[in-house]
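Close look at the chain arrangement
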Amino acid sequence: MPRRVAALLAPPLGRHPVFLTATTAVLAAATLATAEATHDLHLLLRSVGAW
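All of the points below concern the structure found in this document. (Residues numbered from 1 in each chain as written. Predicted model: local features only at pLDDT ≥ 70, side-chain atom pairs only at ≥ 80, totals over all residues. Heavy atoms only, no water.)

On to the overall build of the chain. If you tally the helices and strands in the chain, you get 2 helices and 0 strands. Relative to its length of 51 residues, the chain is extended, with a C-alpha radius of gyration of 21 Å against a globular reference of 10 Å. A principal-axis box enclosing the C-alpha atoms of the chain has dimensions of 60 × 25 × 10 Å. Accessible surface for the chain amounts to roughly 5000 Å². Of this, 71% is attributable to carbon and sulfur atoms. (Helix = DSSP H or I, 4+ residues; strand = E, 2+ residues; numbered from the N terminus. Rg over C-alpha atoms; globule rule 2.2 N^0.38 Å. Areas by Shrake-Rupley, 256 points an atom, 1.4 Å probe, with all protein chains shown as cover.)

Okay, here's the thing in C-alpha cells:
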C-alpha cells in the first residue's frame, strides 16, 4: 500500500489542548478582523454614496 494511502487510513491525531487553544485564538482574531473590515467597508461605501 502506498504511503499516501496509508496516511489517509491512519487514525486521527488525538486532541491536544495547546492546538485547541491556538485554533480558538486564531479563529477569534479572524472573526474580529472580519467584523472590523465589514465596518470599514460599510463606511467606505457610505462615503462614496453607494450605500
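There's plenty left to go through after this.
Time to look at helix H2 (residues 17-47). Taking 1.5 Å per residue as the helical rise, H2 with its 31 residues ought to reach 45 Å, and the 45 Å between its terminal C-alpha atoms agrees with that figure. At the exit of H2 stands Gly-49, carrying a positive phi of roughly 80 degrees. (Expected span 1.5 Å × (residues − 1).)

Moving on, we get to the environment of Leu-20. Within the secondary structure, Leu-20 is located in helix H2. Placed 10 residues apart in sequence, Leu-20 and Ala-10 show a C-alpha to C-alpha distance of 21 Å.

Right, let's get into the environment of Ala-7. Relative to the helices and strands, Ala-7 is located in helix H1 (residues 3-9). C-alpha separation for the pair Ala-7 and Ala-25, spaced 18 residues apart in sequence, amounts to 28 Å.

These figures capture arrangement, not role.
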